[in-house]
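# Survey of secondary and tertiary structure
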Amino acid sequence: MVIYSLILLFFACAGNESTTPAKTAQIVAESFYQGNEAALKEHTTPEGYANFKNLMAMFVKSDTKDSNFKVIEETIDGDVAWVKYSTSYDKTPGIFKLVKQDGEWKVTARRPKEEVPF
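Just so we're clear, the structure is a prediction, and the values are computed from it rather than from any experiment.

### Comments concerning the pattern of salt bridges
Under the criterion given, the structure shown has three salt bridges. Between lysine 97 and glutamate 114 there is a salt bridge whose closest N-O contact spans 2.8 Å. Residue lysine 97 is located in strand 3 (residues 94-101), and its partner glutamate 114 is located in the segment after strand 4 (104-108); the two are separated by 17 residues in the primary sequence. The exposure classification of lysine 97 matches that of glutamate 114, with both residues buried. One salt-bridge network, in which partners are shared between bridges, spans Lys97, Arg111 and Glu114.

### Focus: unusual backbone geometry
Phi at asparagine 68 takes a positive value of approximately 55°, unusual for a residue other than glycine. One can find asparagine 68 in the loop between helix 4 (46-56) and strand 1 (70-77). Not every positive phi belongs to a glycine, and lysine 113 is a case in point at roughly 65°. Note on placement: lysine 113 falls in the segment after strand 4. Relative accessible area serves as the criterion here: at 85%, lysine 113 is assigned to the exposed category.

### Some words on the environment of tyrosine 89
Structurally, the position occupied by tyrosine 89 is in the loop between strand 2 (80-86) and strand 3. Each C-alpha atom, one on tyrosine 89 and one on threonine 64, is 8.5 Å from the other, the two residues being 25 residues apart in sequence. Not counting the four nearest positions on each side in its chain, tyrosine 89 is found in contact with Ala29, Glu30, Tyr33, Gln34, Ser62, Thr64, Lys65, Asp66 and Ser67. Side chain to side chain, tyrosine 89 and glutamine 34 meet in a polar contact 3.0 Å long.

### Considerations on the pairing of strand 1
With seven bridges connecting them, strand 1 and strand 2 associate as antiparallel partners. Bridged to isoleucine 76 within strand 2 is alanine 81. Hairpin geometry of strand 1 and strand 2 is characterised by an intervening segment of two residues between the two adjacent antiparallel strands and by a positive phi of about 70° at glycine 78.

### A look at the pairing of strand 4
Most of strand 4 sits inside the fold, with four of its five residues counted as buried. In this structure, the hairpin formed by strand 3 and strand 4 is closed by a connection of two residues, where aspartate 102 is found at a positive phi of approximately 55°.

### Here's the deal with the environment of isoleucine 72
Residue placement: isoleucine 72 occurs in strand 1. Sequence separation of isoleucine 72 and serine 86 is 14 residues, and the distance between their C-alpha atoms is 7.0 Å. For isoleucine 72, the contacting residues outside a window of four places in its chain are Lys84, Tyr85, Ser86 and Pro93.

### Thoughts on the sheet that holds strand 1
Pairing in this open sheet of four strands is antiparallel, and the strands run 1-2-3-4 from one edge to the other. The sheet is open, and its two edges are formed by strand 1 and strand 4, each paired on a single side. The sheet shows a mean angle of 30° between the axes of neighbouring strands, taken without regard to direction. Along the sheet, helix 2 (residues 21-34) makes contact with strand 1, strand 2, strand 3 and strand 4, crossing strand 3 at roughly 120°.

Definitions and cut-offs
- Residues numbered from 1 in each chain as written.
- Predicted model: local features only at pLDDT ≥ 70, side-chain atom pairs only at ≥ 80, totals over all residues.
- Heavy atoms only, no water.
- Salt bridge = Lys/Arg side-chain N within 4 Å of Asp/Glu carboxyl O.
- Helix = DSSP H or I, 4+ residues; strand = E, 2+ residues; numbered from the N terminus.
- Buried < 20%, exposed > 50% of the residue type's maximum accessible area, 1.4 Å probe, protein only.
- Contact = heavy atoms within 4.5 Å.
- Polar contact = N/O pair within 3.5 Å; in protein donor to acceptor, adjacent residues only side chain to side chain.
- Pairing = 2+ DSSP bridges.
- Axes fitted to C-alpha atoms, helices over the stretch in contact; angles between N-to-C directions.

Here is the structure:
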């Protein structure tokens, strides 16, 4: 009985582990360029998803599975994080703003002329 309880506790704690801002940024970047709307919706806020959905129509879906995603810089201030990254899909680095909602990091829309920390 004790072993069963410990195993159950282990799985319960493992399920509550939240993703890092950098990992969420990678999932969103790859989902966007590979046209995976379900993953994109899961890892973005409603505002962020709406922006990406509109932009997806203008981009050709990439056949490349290896995004070569690299974090250039990352900063976290409470429930807001910023991730500057590069991928094989773009020539210039991208920047995502993330917010923590219900313990999970989600990419959200940036306000026009919003200053980034780097």
